[in-house]
Amino acid sequence: YTLTLDGEADGTGVTTDGYAVNIDGIIGTDLNLTITTAATTTIDLNASSGTVRNLTINHASCVAQLDTSFQCLNLTITSGELDLDGAGNLIVSGLTVVGSGGAEDAATLNGTDMAVTLGSGVTTDYGLSVLQGGTFTCSGSPTHIMGSISVANNAHAKCTLTAGSTTINGEHTGDNRCINVKGTDGVLTHNSGTIAITRAGSAGMQKLSGTLPLNNLTINHGSANISQKSHLTLAGTLTVTAGTFTTGSNYAL
C-alpha cells in the first residue's frame, strides 16, 4: 500500500514547521510514499531502522527538500521537484524516473553538490531515465554513480551531469546500452568532469541519429567492451585504463 501525503505540519496538530514527512523512528521495508504537498516542503526520511521502499513526488507545486541523507528502492518524480538541498546524499538502489511526458521542467531532480547513487549495477533497466518534461541537474563537483543513463528523444528531456566524476557500472541489457540518448532532441550535457565506465561486459553508448557530446571519458574494467553506437565528440580526454573501446562501424570519434 501507498501513503499519499498532501500537507505539512510539525506533529502537534497546532502549528507547522514545514515538514511533509518527518521519520525518525522505526519503519518496515514495504513503506511506499507519494508526496503531493502543493508547496515547498521539507522531508526527513532517515529512519532509525528500515527504509522507504518507493518514493514518488507528484504535484506541480511540490518542491520536496531533503534535510538528511536518504535511501530507497525506486524513485519517481512525475511532477514537481526533489531537491537534495545540500543536506545529504541520495541512494536509489533500483530505478529513478524523472518526467512523465509533461511540459519543460515539469519534473526535476536537483542534485546540487550532493553525492548521488542511482541504480548502481542495475541491468534490468536504466538506473536513471529522463523522460519528456524531466530535468536532472546538478552543480558543483559531487561524485555520482549510476547503473546507466537514458534520455528521451525530446527537447524537454534534459540531463546535466556533474562536473566531478560519474561512474557508470551497469547497462540496460535489453538495449545493450549504458548511455542512450534516444534521439537528436534529447539533451545530455557534460561540459566538464569525467565519465568512467566500469561495466564488466559489452555495452554501447549513443545519441541516436546524432553525436553524443561528452567531456572526459575513461574505460576502466578488464572485462569491459564498450562501443560507440553513434558519433562521439569528446571535449577532453579519452583514457582506456583497462578493457576495450571501439568506435564501432562508420561512427566518427
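Before going into details, it helps to say that this report is about the structure given with it. All figures in this text were calculated on a predicted structure; none of them were measured in a lab. (Residues numbered from 1 in each chain as written. Predicted model: local features only at pLDDT ≥ 70, side-chain atom pairs only at ≥ 80, totals over all residues. Heavy atoms only, no water.)

## Here's the deal with the overall build of the chain
Part 1 of the argument: In terms of helices and strands, the chain carries zero helices and 24 strands.
Part 2 of the argument: Over its C-alpha atoms the chain spans a radius of gyration of 19 Å, differing by no more than 12% from the 18 Å that the globule rule assigns to 253 residues.
Part 3 of the argument: Dimensions of the chain, computed from C-alpha atoms along their principal axes, come out at roughly 65 × 35 × 30 Å.
Part 4 of the argument: When burial is assessed residue by residue, the chain has 48% of its 253 residues classed as buried. (Helix = DSSP H or I, 4+ residues; strand = E, 2+ residues; numbered from the N terminus. Rg over C-alpha atoms; globule rule 2.2 N^0.38 Å. Buried < 20%, exposed > 50% of the residue type's maximum accessible area, 1.4 Å probe, protein only.)

## Regarding the pattern of salt bridges
Part 1 of the argument: Tallied over the entire structure, the rule returns three salt bridges.
Part 2 of the argument: Of the charged contacts, one joins Glu 171 and Arg 199 as a salt bridge, the two residues approaching to 3.2 Å between their closest N and O atoms. Highlighted residues: Glu 171 in the loop between strand S16 (165–168) and strand S17 (177–181) and Arg 199 in the loop between strand S19 (194–197) and strand S20 (202–207), separated in sequence by 28 residues.
Part 3 of the argument: Sharing partners across several salt bridges, the network here consists of Glu 104, Asp 105 and Lys 158. (Salt bridge = Lys/Arg side-chain N within 4 Å of Asp/Glu carboxyl O.)

## Considering the side chain of His 190
Part 1 of the argument: Topologically, His 190 is positioned in the loop between strand S18 (187–189) and S19.
Part 2 of the argument: Judged by relative accessible area, His 190 falls into the buried class, the value being 5%.
Part 3 of the argument: Separated by 2.9 Å, the side chain of His 190 and the backbone nitrogen of Asn 215 make a polar contact. (Polar contact = N/O pair within 3.5 Å; in protein donor to acceptor, adjacent residues only side chain to side chain.)

## Section: the side chain of Thr 41
Part 1 of the argument: The residue Thr 41 is located in strand S4 (residues 40–44) in this model.
Part 2 of the argument: A polar atom in the side chain of Thr 41 sits 3.1 Å from the backbone oxygen of Gly 18.
Part 3 of the argument: Ignoring anything within four residues of it in the chain, the contact list for Thr 41 reads Glu 8, Gly 18, Tyr 19, Ala 20, Val 63, Ala 64 and Gln 65. (Contact = heavy atoms within 4.5 Å.)

## A closer look at the nonpolar core
Part 1 of the argument: In this structure, Leu 45 and Met 205 are the most contacted members of the largest nonpolar core, which totals 57 residues.
Part 2 of the argument: By residue number, the principal contributor to this core is strand S5 (residues 52–66), which donates six residues.
Part 3 of the argument: Here Leu 45 is in contact with Val 21, Ile 23, Leu 33, Val 52, Leu 55, Leu 66, Thr 68 and Phe 70, once residues within four sequence places are set aside. (Core = buried A, V, L, I, M, F, W, Y, C linked by side-chain atoms within 4.5 Å.)

## A look at a nonpolar patch on the surface
Part 1 of the argument: On the surface, Leu 238, Val 240 and Leu 253 cluster together to form a nonpolar patch covering roughly 250 Å² of accessible area.
Part 2 of the argument: Summarising the element assignment, Leu 238 is placed in strand S24 (residues 238–246). (Patch = residues over 30% accessible without salt bridge, like charges linked within 9 Å, V, L, I, M, F, W, Y side chains within 5 Å. Areas by Shrake-Rupley, 256 points an atom, 1.4 Å probe, with all protein chains shown as cover.)

## Concerning the state of the cysteines
Part 1 of the argument: What the rule picks out here adds up to zero disulfides.
Part 2 of the argument: Sulfur of Cys 138: no disulfide; nearest cysteine sulfur belongs to Cys 159 and is 8.0 Å away.
Part 3 of the argument: Left without a disulfide partner, Cys 178 is nearest to the cysteine sulfur of Cys 159, which lies 13 Å away. (Disulfide = S-S within 2.5 Å.)

In short, geometric facts, not functional conclusions.
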